[in-house]
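# Structural overview
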Amino acid sequence: VQLQACGGGLVQAGGSLRLSCAASGRTFSSYVMAWFRQAPGKEREFVAVIRGSGGSTYYGDSVKGRFTISRDNAKNTVYLQMNSLKPEDTAIYYCAAYASWYGIQWLSSRVNYWGQGTLVTVSS
């Protein structure tokens with residue numbers, strides 16, 4: 001599976017952005033899709049995850065209530081709608097694919113495929 005993320009950019013605090021991640025291959029719906037982010041000098045952080053069917057989602061504490069993950073299996077695409085953005089949301093955002101659902105423990109070490117990342121900058 002190859003993943004291509006896009007949609008990053010510069011936005012003011014309080015604003016919104018929608019990231020997209022397009023996947024290659026015919027088995028997209030079988031993968032659990034996730035978003036991670038990495039700020040300068042910090043470790044990669046889990047953001048959100050969604051089941052292959054789209055029926056279940058899980059979010060990191062820092063984005064709950066502000067970010068929404070969704071997917072369109074017909075388009076082989078996963079989205080991250082980011083609202084009420086804060087300067088601390090500034091990071092490179094990566095989409096990722098897991099072969100299995102891990103409940104509430106989403107480790108970067110268990111990711112099967114990574115996208116190349118898209119930069120989100122939130123100005124104060």
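Please refer to the structure higher up on the page.
Residues numbered from 1 in each chain as written. Predicted model: local features only at pLDDT ≥ 70, side-chain atom pairs only at ≥ 80, totals over all residues. Heavy atoms only, no water.

### Side note on unusual backbone geometry
- Phi at Asn76 takes a positive value of approximately 55°, unusual for a residue other than glycine.
- Its location among the elements puts Asn76 in the loop between strand S7 (67–72) and strand S8 (77–82).
- A relative accessible area of 18% means that Asn76 is categorised as buried.
- With a phi angle near 50°, Ser84 is a residue other than glycine that sits in the positive phi range.
- Tracing the chain through its elements places Ser84 in the loop between S8 and strand S9 (91–98).
- Of the residues examined, Ser84 reaches a relative accessible area of 41% and is grouped as partly exposed. (Helix = DSSP H or I, 4+ residues; strand = E, 2+ residues; numbered from the N terminus. Buried < 20%, exposed > 50% of the residue type's maximum accessible area, 1.4 Å probe, protein only.)

### A look at the pairing of strand S4 (residues 32–38)
- The element S4 is largely enclosed, with a buried count of 6 among its 7 residues.
- Judged from the 5 bridges that link them, S4 and strand S5 (residues 45–50) form a sheet pairing that is antiparallel. Its bridge partner lying in S5, Ala34 is registered against Val49. (Pairing = 2+ DSSP bridges.)

### Let's talk about the environment of Val122
- Of note, Val122 is situated in strand S11 (residues 118–123).
- Between the C-alpha atom of Val122 and that of Ala13, which follows or precedes it by 109 residues, the distance is 5.7 Å.

### Some details on the nonpolar core
- Among the nonpolar cores identified, the biggest contains 29 residues, and Trp35, Leu80, Met82 and Tyr93 are the most heavily contacted of them.
- Core analysis: the next-biggest nonpolar cluster, separate from the first, contains 9 residues, Val32, Ala34, Ala96 and Tyr98 among them. (Core = buried A, V, L, I, M, F, W, Y, C linked by side-chain atoms within 4.5 Å.)

### Notes on the state of the cysteines
- Under the definition given, this model contains 1 disulfide.
- In this model Cys21 forms its disulfide with Cys95; the gap between the sulfur atoms is 2.1 Å. Disulfide Cys21-Cys95: the torsion about the S-S bond is 55°, which places it as right-handed. Of this pair, Cys21 sits in strand S3 (residues 17–23) while Cys95 sits in strand S9, and the two are 74 residues apart along the sequence. (Disulfide = S-S within 2.5 Å.)

### Some details on the sheet that holds S3
- Strand order in this open sheet of 4 strands is S1-S3-S8-S7, and the pairing throughout is antiparallel. One side of each edge strand has no neighbouring strand; the edge strands of this open sheet are strand S1 (3–6) and S7. Adjacent strand axes in the sheet meet at a mean angle of 15°, parallel and antiparallel pairs treated alike.
- Relative to S3, S1 runs antiparallel, the two being bridged by 4 bridges. Paired with Leu3 across the two strands is Ala23, which belongs to S3. (Axes fitted to C-alpha atoms, helices over the stretch in contact; angles between N-to-C directions.)

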